[in-house]
Amino acid sequence: MSYPAQLYHFGKSQYLCDFVSKGHISFGIADCFTRDRLTKGQRDDEMKRTIIPSTKTTSVLVGQNLQSAQTLKNLTSIKIGFGIQVSYFMKCFSLDYADEMYQDVGGDLCIEISRVAQFFERFEDALKKQLPDWAAFAAQAQYWDFAHIPEWMNQRDLMFFKDSAKYSCQKEYRIVLLPPDNFTSPKKRQSLYLGSLADIA
């Protein structure tokens, strides 16, 4: 798997104090990213993706089967939601440094991860030892054209797609944690400790 050349971790110093010394990563559960206390740059509905296709290029059919379906006439707008049906946790980084990020996340500190491959080696090792039944995926967030309906998109794809390009300047790179099927914990955060990152961050 290929990794980006650098990653940037923006946030409040009070929460990032043990990121370098202990490699502490705190993942937030996705359904809590609509909380009012988050900044506008952080807040989003991470359990649903919404598209608004044009009525000029999109038809809506109603019927018991395709052969008998009828086209709805005189539609003024169409809004379609794609729901994510599984619980997941996520942590966001940035691919580039930008001063605007401090305001977007309400932070005062940025930590650069300069050796990303080594970071993920330690991450994978920590995941196997601390959360052996969990899965993890990492990728750059994709900002789709929300005027078009995406094809062949599965649940995992939706976790990395954003239905608004408003904050695409953040160049978000996210790590997603998937708990096991029997996960029932009410916890809103999940920690992982990679050990000291002083040599790579």
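Throughout what follows, the structure given in this document is the object of discussion.

Conventions and cut-offs
- Residues numbered from 1 in each chain as written.
- Predicted model: local features only at pLDDT ≥ 70, side-chain atom pairs only at ≥ 80, totals over all residues.
- Heavy atoms only, no water.
- Helix = DSSP H or I, 4+ residues; strand = E, 2+ residues; numbered from the N terminus.
- Expected span 1.5 Å × (residues − 1).
- Buried < 20%, exposed > 50% of the residue type's maximum accessible area, 1.4 Å probe, protein only.
- Arc of directions from axis to C-beta.
- Contact = heavy atoms within 4.5 Å.
- Phe/Tyr/Trp six-rings, centres within 6.5 Å; stacked < 30°, edge-to-face > 60°.
- 1 Å grid on protein atoms, 1.4 Å probe; cavity = no way out; pocket = protein on both sides within 12 Å on 5 of 7 lines; lining within 4 Å.
- Points joined across faces, edges and corners; volume = space filled by probe spheres on them.
- Nonpolar A, V, L, I, M, F, W, Y, C, P; charged D, E, K, R; others polar.
- Core = buried A, V, L, I, M, F, W, Y, C linked by side-chain atoms within 4.5 Å.

## Focus on helix 4 (residues 116-130)
Next, step 1: Between its first and last C-alpha, helix 4 extends 21 Å over 15 residues, near the 21 Å set by a 1.5 Å rise per residue.
Next, step 2: For helix 4, the complete set of buried residues consists of Val 116, Phe 119, Phe 120, Phe 123, Ala 126 and Leu 127. Taken end-on, helix 4 shows its buried residues confined to a sector of 125°, consistent with a single buried face. Opposite the buried face of helix 4, by more than 90 degrees, sit the exposed residues Glu 121, Lys 128 and Lys 129.

## A few points about the environment of Gln 170
Next, step 1: With respect to the helices and strands, the residue Gln 170 is situated in the loop between strand 11 (161-162) and strand 12 (172-178).
Next, step 2: In this view, Gln 170 contacts Gly 41, Ser 94, Leu 95, Met 101 and Asp 104; residues no more than four positions away in its chain are not counted.

## Some thoughts on the packing of aromatic side chains
Next, step 1: Inspection of every chain in the model, using the stated rule, returns 14 aromatic pairs.
Next, step 2: On the numbers, 6.3 Å between centres and 55° between planes, the contact of Phe 27 with Phe 123 is tilted. A residue pair is termed long-range when its members are at least 10 positions apart, and Phe 27 in strand 2 (residues 24-29) and Phe 123 in helix 4 qualify at 96 residues. Phe 123 matches Phe 27 in its accessibility class, with the two residues each being buried.

## Concerning the layout of surface pockets
Next, step 1: Taken as a whole, the largest pocket spans an internal volume of roughly 1100 Å³.
Next, step 2: Along its surface, the largest pocket is lined by 45 residues, and Phe 33, Leu 38, Gln 42, Lys 91 and Val 105 are the ones closest to its centre.
Next, step 3: At the level of secondary structure, the elements contributing two or more residues to the lining of the largest pocket comprise strand 1 (7-11), helix 1 (13-16), strand 2, strand 7 (89-94), helix 3 (100-105) and strand 12.
Next, step 4: Its residues assigned to classes, the lining of the largest pocket comprises 17 nonpolar, 12 polar and 16 charged.

## Side note on the nonpolar core
Next, step 1: Among the nonpolar cores identified, the biggest contains 29 residues, and Phe 119, Phe 120 and Phe 123 are the most heavily contacted of them.
Next, step 2: When contributions to this core are tallied by element, the ones reaching two or more residues are strand 2, strand 7, strand 8 (109-113), helix 4 and strand 12.
Next, step 3: The element that contributes the greatest number of residues to this core is helix 4, accounting for 6 residues.
Next, step 4: With residues up to four places along the chain from it excluded, the contact list for Phe 119 reads Phe 19, Ile 25, Phe 93, Ile 113, Ile 175, Leu 194, Leu 197 and Ile 200.
Next, step 5: Counting 14 residues, the second-largest nonpolar core is a separate cluster that includes Ala 30, Ile 51, Phe 160 and Val 176.

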